Structures are given as structure tokens and as C-alpha cells.
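For reference, the chains in residue letters:
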Amino acid sequence: MKTDIVIVGSGASGLYCALNAPKDKNIIIISKDKLENSDSFLAQGGICVLKDKDDFNSFYEDTMRAGHYENNPESVEIMINSSRETINQLVGYGVRFEKDGQDFAYTKEGAHSKPRILFHKDQTGKEITSNLLREVKKLENVTLIENFTMVDIIQEDNQCFGIIGHDAKGEFDYILADYTVFATGGIGGLYKHSTNFPHLTGDALAICLKYGIKLKNIDYIQIHPTTFYANEGGREFLISESVRGEGAILLNSKGERFVDELQPRDVVANAIFDEMKKEGSDNVWLSLKNIDINEIKSHFPHIYEHCLEHGYDITKQSIPVVPSQHYFMGGIAVDRVSATSMDRLYAIGETACNGVHGKNRLASNSLLESLVFAKRAIKDIQAKYTKANYLKQVEIDKEKYNNYKDEYKQAVLLAIEKERKSHE
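Residues numbered from 1 in each chain as written. Predicted model: local features only at pLDDT ≥ 70, side-chain atom pairs only at ≥ 80, totals over all residues. Heavy atoms only, no water.

## Section: the overall build of the protein chain
The number of helices and strands found in the protein chain is 11 helices and 19 strands. Computed over the C-alpha atoms, the radius of gyration of the protein chain is 21 Å, within 12% of the 22 Å expected from 2.2 N^0.38 for a compact globule of 424 residues. Counting only C-alpha atoms, the protein chain reaches 70 × 50 × 40 Å along its principal axes. A burial count over the protein chain gives 59% of its 424 residues as buried. Taken as a whole, the protein chain presents about 17700 Å² of accessible surface, with 45% of it coming from carbon and sulfur. Between the averaged position of the 51 positive side-chain charges in the protein chain and that of its 62 negative side-chain charges there is a distance of 1 Å. (Helix = DSSP H or I, 4+ residues; strand = E, 2+ residues; numbered from the N terminus. Rg over C-alpha atoms; globule rule 2.2 N^0.38 Å. Buried < 20%, exposed > 50% of the residue type's maximum accessible area, 1.4 Å probe, protein only. Areas by Shrake-Rupley, 256 points an atom, 1.4 Å probe, with all protein chains shown as cover. Lys, Arg positive; Asp, Glu negative; His and termini not counted. Charge placed at Lys NZ, Arg CZ, Asp CG, Glu CD.)

As C-alpha cells, then:
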């Protein structure tokens, strides 16, 4: 296959990148699984937005404080200042954020000093990403390919000319492209307890390690404080931070509150771990008794239904929760336009690290950051677009990729551990 731009990943960042691309450029978007099986569809809480100019300083400080001031200030400013334009574009695509009369309804989450989060019930990610996918499907210049796994890139002299991969049957193929965009999501598939889809195993990171493409802070991995504890294995069900933002409290086995639930995620998660260790328990409890029943059923219907299916009525009972791996703040090092250290290769979304999140992501900044820097990536590609001059015949050595799944996972885990030790 030959195309102008190949985007690896069908989550919010990859789709938004394609929507903002010039219509005269042919684009292929590949998805490792079904198009809908991206973590963008799973995001519950919402998406941050700058409410007005007076909100900038507190939004900026909240983001920096949550990130332990290891954030890149320029990236944070870009994200915040681009937020209203991004929201307006989403609304134009049909995204239905909750309203309070004619105005948007804003909610608040942990580590935010004021309400600035737009939401759609407790399935904001699904609302945003499904609308983006519908709009992309209308584009004649975009081809969507499901169940295609990238195993390598085509490269020479520090330039990327596309990717090599295989379909669900193991048939290999390659896609030559003038520009390649990694939008491959997180690394939850490397962990036993994670809110991520298990097929997200950091393949792009492994490929970057292979070719010396710069990575950054890959040991900065966020643990979400509250996932539903069912002890069933598989992907953990997230209990959105906005539940605590609306008044839910954390309790130990004695029914005692032990932490300020609105502290940054890492602070709350560590407090839960300490309490579980002290009690010798496998979980703590989340009580929604301070939230009106009608608010629970209207704002958190998906969470309400899920817990009910597992025997818990959250309007009457506390639910068992446990921290789980949730988000990846580190990743492929990129600049302010999402360009990597390899020419013709960009990275966006959770797999990229532009420094916005620092050491710990502020709640509901993920969707915003992904969209803002996806648009910056495609605008930069458009501004400097030149045809690639790759003349070699691509030959695929299938034997070379026999054990790539295990090899890639191991390479990423070893690199994370090495980075962690360097930070100690």
C-alpha cells in the first residue's frame, strides 16, 4: 500500500488528526483491534476547558501542581489557550456536552481548584470519539483498516517512510507513506491491573527503542485511585474521578474516612495503598451517600448500571475500589508540534510525551491534550510537506517477527525499569 500519511491508531488523537488534515492528502488509519476499541472510548469524566481569561492562572497552576512542577510550561500554555477552539470544533462535530440552560454545565474533579470540566454523562470519551469516528468515515480521502498490527517501521537515514504490519490472520504487508503518525495509546496491556484495553502494549515504544528514537520519562505511569474491585481479572472498570468531585468519599473497612479525596491522583492512590497495607485488605470502599440519587442516575448512569450488575446499588451501598494502572505520562519525546527525533515521524496522544502532564496528569486533561497536539501535528506536516524519496524495495522477513510480541513487551518493561532507577 502507498499513501501520503499513515496514522497508527484510531483513538481520539488519530481521528482528530485526520479530520484536520488537508483533503487533498490520502490518509490510511490503522487500528490494532476494532476501531472502537481504543481507550478514548473509555474515558468517563470529561474534558477540561478554559472557562474565561480569569481562569488561566488557576488552570495552569492546577496542571503544574498535579504534575509536581515537572511539566513543560510552554506545552501547558499551548494546551490551555487552545482549549476553547478545540471544544468549539467538537461541538461542530456533534458532541453533546451537558448544558445548564443555554450554557455549558461544568463539573469539578480531584486537584482542580474550580469547576472547568465539560462532560456527557459518565461516557465523555465515547461521546467525543464516536462523533469523531463518524465524521472521519465521511471523508473520501481517508481509509480505515481494522485488526492490523504494526510490527516495524520502514526507515533509512533517520527518516520514516511508513510501517510494516500484519492482519488478524498473520498476513504481512507494508504501507509506504510520506509521513507517519503514531497514535497508539497507552501501555496498560503490560500490567495485570489496568483500566486500558489489553492490546495496548507499547508497540510504538519498542520500535522507538529499536531505532534510537528519543523517549522521555517512560517510568511516569499513573495509577488511578478508584477502579471497581471485582477480582475477576481482565480490564478493570473505572470509577470516574468526577464521582469524588461531586462528593463521594473513601472509607476503610471500619467506615472511617482516611484521605482528602480531591488531592492529585498519585496522592490519593498512595493513601489507599497505605490503608490497604495497614488493614491487610484487598480494597477500600467508596461511598456516594453525599450525592443526590437523581444526580447519581443522571450524571453516572454507566457506573450505576455496572455496579448494579455486580450486586451493588451505589445509591444505597458503598462499593469496593482499588487503584489500577491507568495512564502513561511519559512516552515518545516530541516537540511542540508533536514531531519526534526521527524525520517524517510524529507521535500524538497518550503514546507521546510533550511535557504537558509532568509526573502526574491532572484529571480530564488527557482528551484535551491529545486533541490539541494532534491538530498541531497535522498542521506542521501540512506546512512542511514534501514527497518522500524512498526507492528501495521493501522486503519483509517474517521470521524476524516470530516472537515480536514478547520481545517488544520485555524491551519496554526493561526500559521503564531502567528509567525508574535513573530517577531514584
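From this point on, the discussion continues.
## What to know about the environment of S298
Following the sequence through the fold, S298 ends up in helix 8 (residues 293-299). Once the C-alpha coordinates of S298 and D52 are considered, the two residues, 246 residues apart in sequence, prove to be 27 Å apart. Only 2.9 Å separates the side chain of S298 from the backbone oxygen of N294, close enough to count as a polar contact. (Polar contact = N/O pair within 3.5 Å; in protein donor to acceptor, adjacent residues only side chain to side chain.)

## Here's the deal with the nonpolar core
Among the nonpolar cores identified, the biggest contains 55 residues, and I5, I7, I47, L90 and L132 are the most heavily contacted of them. For I5, the contacting residues outside a window of four places in its chain are K25, N26, I27, I28, A177, Y179, V181, I378, I381 and Y385. Residues I28, I164, I175 and A204 belong to the second largest nonpolar core, which totals 44 residues. (Core = buried A, V, L, I, M, F, W, Y, C linked by side-chain atoms within 4.5 Å. Contact = heavy atoms within 4.5 Å.)

## Some words on the pattern of salt bridges
Applying the stated criterion across every chain yields a total of 23 salt bridges. Measuring nitrogen to oxygen at the nearest pair gives 2.4 Å for the salt bridge that ties R265 to E241. On the criterion of sequence distance, the pair formed by R265 in helix 7 (residues 265-279) and E241 in helix 6 (residues 241-245) is long-range, its members being 24 residues apart. Of the two residues examined, R265 and E241, each falls in the buried class. Between R420 and E424 there is a salt bridge, and its shortest N-O distance comes to 2.3 Å. The class of E424 is exposed, set by a relative accessible area of 68%. One connected set of salt bridges, linked through shared partners, spans K2, D4, D178 and K387. (Salt bridge = Lys/Arg side-chain N within 4 Å of Asp/Glu carboxyl O.)

## Topic: the sheet that holds strand 16 (residues 319-328)
Taken in spatial order, the five strands of this open sheet run 13-12-16-15-14, and their pairing is antiparallel. Each edge of the open sheet carries a strand with a single partner, namely strand 13 (237-238) and strand 14 (249-251). Alignment of strand 14 against strand 15 (residues 284-287), held across three bridges, turns out to be antiparallel. Across the sheet, residue L251 finds its bridge partner in strand 15, namely W285. Where helix 7 meets the sheet, its contacts fall on strand 12 (221-228), strand 14, strand 15 and strand 16, and the angle it forms with strand 12 comes to roughly 60°. (Pairing = 2+ DSSP bridges. Axes fitted to C-alpha atoms, helices over the stretch in contact; angles between N-to-C directions.)

## Side note on unusual backbone geometry
What is expected of a backbone is that most residues other than glycine have negative phi and most peptide bonds are trans. The backbone of H68 sits at a positive phi, close to 60°, despite the residue not being glycine. Tracing the backbone shows H68 in the loop between helix 2 (56-66) and helix 3 (73-92). For H68, a relative accessible area of 38% puts it in the partly exposed group. For N158, which is not glycine, the phi dihedral falls at a positive 60°. For N158, the position within the fold is in the loop between strand 8 (149-156) and strand 9 (159-166).

## Some details on the packing of aromatic side chains
For the structure on display, the rule yields seven aromatic pairs. Ring centres of Y404 and Y408 lie 5.6 Å apart, and the angle between their planes is 70°; this geometry places the pair in the edge-to-face category. With Y404 and Y408 both in helix 11 (residues 404-423), this residue pair falls four residues apart, about one helical turn. Of note, R235 hangs over the ring of F197, and the distance from its end group to the ring centre comes to 5.2 Å. Across the ring face of Y179, the terminal group of R344 is positioned such that the distance to the ring centre comes to 5.1 Å. (Phe/Tyr/Trp six-rings, centres within 6.5 Å; stacked < 30°, edge-to-face > 60°. Lys NZ or Arg CZ within 6 Å of the ring centre and 35° of its normal.)

## Considering the pairing of strand 2 (residues 27-30)
Within a regular strand, side chains alternate between the sheet's two faces. What you see with strand 2 is no split at all: I27 and I29 on one side and I28 and I30 on the other are buried throughout. In the sheet, strand 1 (residues 2-8) pairs with strand 2 via four bridges, with the strands oriented parallel. Within strand 2, the residue paired with I5 across the bridge is I27. Tracing the backbone out of strand 1, into helix 1 (residues 12-19) and back to the parallel element strand 2 gives a crossover that is right-handed. Relative to strand 7 (residues 142-145), strand 2 is paired through four bridges, and the arrangement is parallel. Bridge pairing in strand 7 links I30 to I145. (Right-handed = clockwise from strand over helix to strand, strands pointing away.)

## Considering the side chain of N72
Checked against the element boundaries, N72 lands in the loop between helix 2 and helix 3. Those residues in contact with N72 that sit more than four places away from it in its chain are R336, N354 and G355.

## Brief notes about the environment of K210
Mapped onto the elements of the fold, K210 is located in helix 5 (residues 203-211). As for K210 and A411, which are separated by 201 residues in sequence, their C-alpha atoms are 9.0 Å apart. Those residues within four positions of K210 in sequence are excluded, and the remaining contacts are D152, K400, Y401 and Y408. Engagement of the side chain of K210 in a polar contact is seen with the side chain of D152, the distance being 2.8 Å.

## Structural notes on the packing of helix 3 against helix 10 (residues 366-383)
Remark: helix 3 packs on helix 10, axes separated minimally by 8 Å, with the N-to-C direction vectors making an angle of 90°. Here helix 3 is positioned roughly perpendicular relative to helix 10, judged by the angle of their axes. Between helix 3, through S75, I78, M79, S82, S83, E85, T86, Q89 and L90, and helix 10, the contact on the second element is made entirely by L368, E369, L371, V372, F373, K375 and R376. Here the contact of helix 3 with helix 10 is composed, by residue class, of seven nonpolar, five polar and four charged. (Parallel < 35°, antiparallel > 145°, perpendicular 65-115°, else oblique. Nonpolar A, V, L, I, M, F, W, Y, C, P; charged D, E, K, R; others polar.)

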